[in-house]
Structures are given as structure tokens and as C-alpha cells.
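Residue-level structure breakdown
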Amino acid sequence: MRRLATALAATLLAMPALADPLPSLVPSHDVSGIYLFTNARGPQTIAVEYSKSANVLRLTPQSGATAALYAGDAYILYDFNADDAKIILPQLQHYLEQPALVTEMQAVEGDISNGNGEVTAGATETIAGQDCTDYTSTSAASQGAMLCVTPDGLLLKFTAANGDSAVAQSLSYDEVPLDDVELPPGDTLLPTPQSSGAAPP
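Here we summarise the structure given alongside this text.

Rules and cut-offs
Residues numbered from 1 in each chain as written. Predicted model: local features only at pLDDT ≥ 70, side-chain atom pairs only at ≥ 80, totals over all residues. Heavy atoms only, no water. Pairing = 2+ DSSP bridges. Helix = DSSP H or I, 4+ residues; strand = E, 2+ residues; numbered from the N terminus. Salt bridge = Lys/Arg side-chain N within 4 Å of Asp/Glu carboxyl O. Buried < 20%, exposed > 50% of the residue type's maximum accessible area, 1.4 Å probe, protein only.

1. Overview of the pairing of strand β9 (residues 146-149)
Summarising the sheet, strand β8 (residues 130-137) and β9 pair through four bridges and their orientation is antiparallel. In the sheet register, T133 faces β9, and the bridge partner there is V149. Where β9 folds back onto strand β10 (residues 155-159) in an antiparallel hairpin, the turn is made up of five residues, including G153, whose phi is positive at roughly 90°.

2. Looking at the sheet that holds strand β1 (residues 31-39)
Taken together, 12 strands build an open sheet; the order of strands is β7-β8-β9-β10-β11-β1-β2-β3-β4-β5-β6-β12 and the sheet is mixed. Every other strand in the sheet has two partners, leaving β7 (119-127) and β12 (188-189) as the edge strands with one partner each. Bridge count for β7 against β8 is seven bridges, and the pairing is antiparallel. Paired with T124 across the two strands is T133, which belongs to β8.

3. Description of the pattern of salt bridges
The full count for this structure, using the stated rule, is four salt bridges. In this structure, K86 and D84 form a salt bridge, with 2.5 Å as the shortest nitrogen-oxygen distance. Residue K86 is classed as buried on the basis of its relative accessible area of 14%. Judged by its relative accessible area of 21%, D84 falls in the partly exposed class. Between E125 and K157 there is a salt bridge; the shortest N-O distance is 2.9 Å. Placement of E125 in strand β7 and of K157 in strand β10 is noted, with a sequence separation of 32 residues between them. Among the residues examined, E125 registers a relative accessible area of 23% and is labelled partly exposed.

4. Quick notes on the pairing of β1
Two strands pair when backbone bridges link them, and β1 and strand β2 (residues 42-51) are joined in this way by nine bridges, in the antiparallel orientation. Across the sheet, residue S32 finds its bridge partner in β2, namely E49. Connecting β1 to the next strand, β2, in antiparallel fashion are two residues. Where β1 meets strand β11 (residues 165-172), seven bridges bridge the pair, whose relative direction is antiparallel. Bridging from a neighbouring strand, F37 pairs with A166 of β11.

See the structure below:
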């Protein structure tokens, strides 16, 4: 699930502008939608919610390998202000800290914000009812990634050099309820061998 979150979070939100004329990839408003994410494990549908006021991204697998692994129950919260990532397990009323995801996200952000590479604008297309401009990036982190971005900073399509892709299927600009992007009341950290002091298996 961490690889899924890294790919989607980094490409949907976390990357600042690489160079003109690419817009900043941080939406200027709340947004939610369904994205089709495809990688070596096959196609997966992901519900995406972003709260501008909280600056928190929620990723909820709807179908595919990741949803099956977590019984369609778990979701990820990524807090960009706090650089904090958690997997929420509602049925267990627990959550898991994901420091490795934070490290990976910071590495992607740092590489891209250094301005390594160029961005070339291409054609305009319409995805999920929204117009976006195609861009090709040659930064070290994106390695020839292709993106389609709206003028207000929403990434609608992404294709990585390794073939991984994400494409918006439907979108809503309605306000995202803060309850959707906050840790559920009463949820506690799931004990692990490392956190409990026991030797790892």
C-alpha cells in the first residue's frame, strides 16, 4: 500500500512547479474523485480526497489488489503540513504510522524542487470533464513522466517511465468534510514488535 500511496500522492499533489509553464501541482481548492491507477499488480480504482484547509490527502482503495489486501476497509491519510502519513484501519480502530512513505515523498519533492530537468508543454485534452494541458518532464525523479494538469493545479493524468499510470475517472469540487481527513476519534496506534520492544520476527 505504501508504493501505491507514494505514486499517487507524489504525482497528484506533492510536487511543486518544476519550471514554467507547468502549474503548481497543488490544487487551489478542495477536490475529490475516482482515479484509475495501473501498475504491475493490475488496475486499481482509488477514491481521492484533498482538503485545502487541512492540507491533507486521503486515498481509499476501492477495487483491485490493494483493496482486496485490506478488505476494502483501510485508507491512507497524508498530512502535508506535518509530513505525516498513516494507514487507518477503521474496523480495528487502529492506525499504522508510515514514516517510510514520508521519507519517499520528501525525496520526490526534493528532487523535483531542485529543478533538475525540463518541462515541455503539449496538447490540451479533456479528462473527467475538465480541460488539462499535457506536459513531459525530464527531471531525475520523474524520468520522462507525462502529466496532464489543469490551470488550477489538479493532476488528471500521469504516466511514469516504468508504465505506472493514474487517470481521473470522475471529479467533484465540493468541499471535503474535515471528518474525512482527520484521524477517527478513539483510534490508537497499532502495536508492532518494534514499538512494543519485542524482537522483530
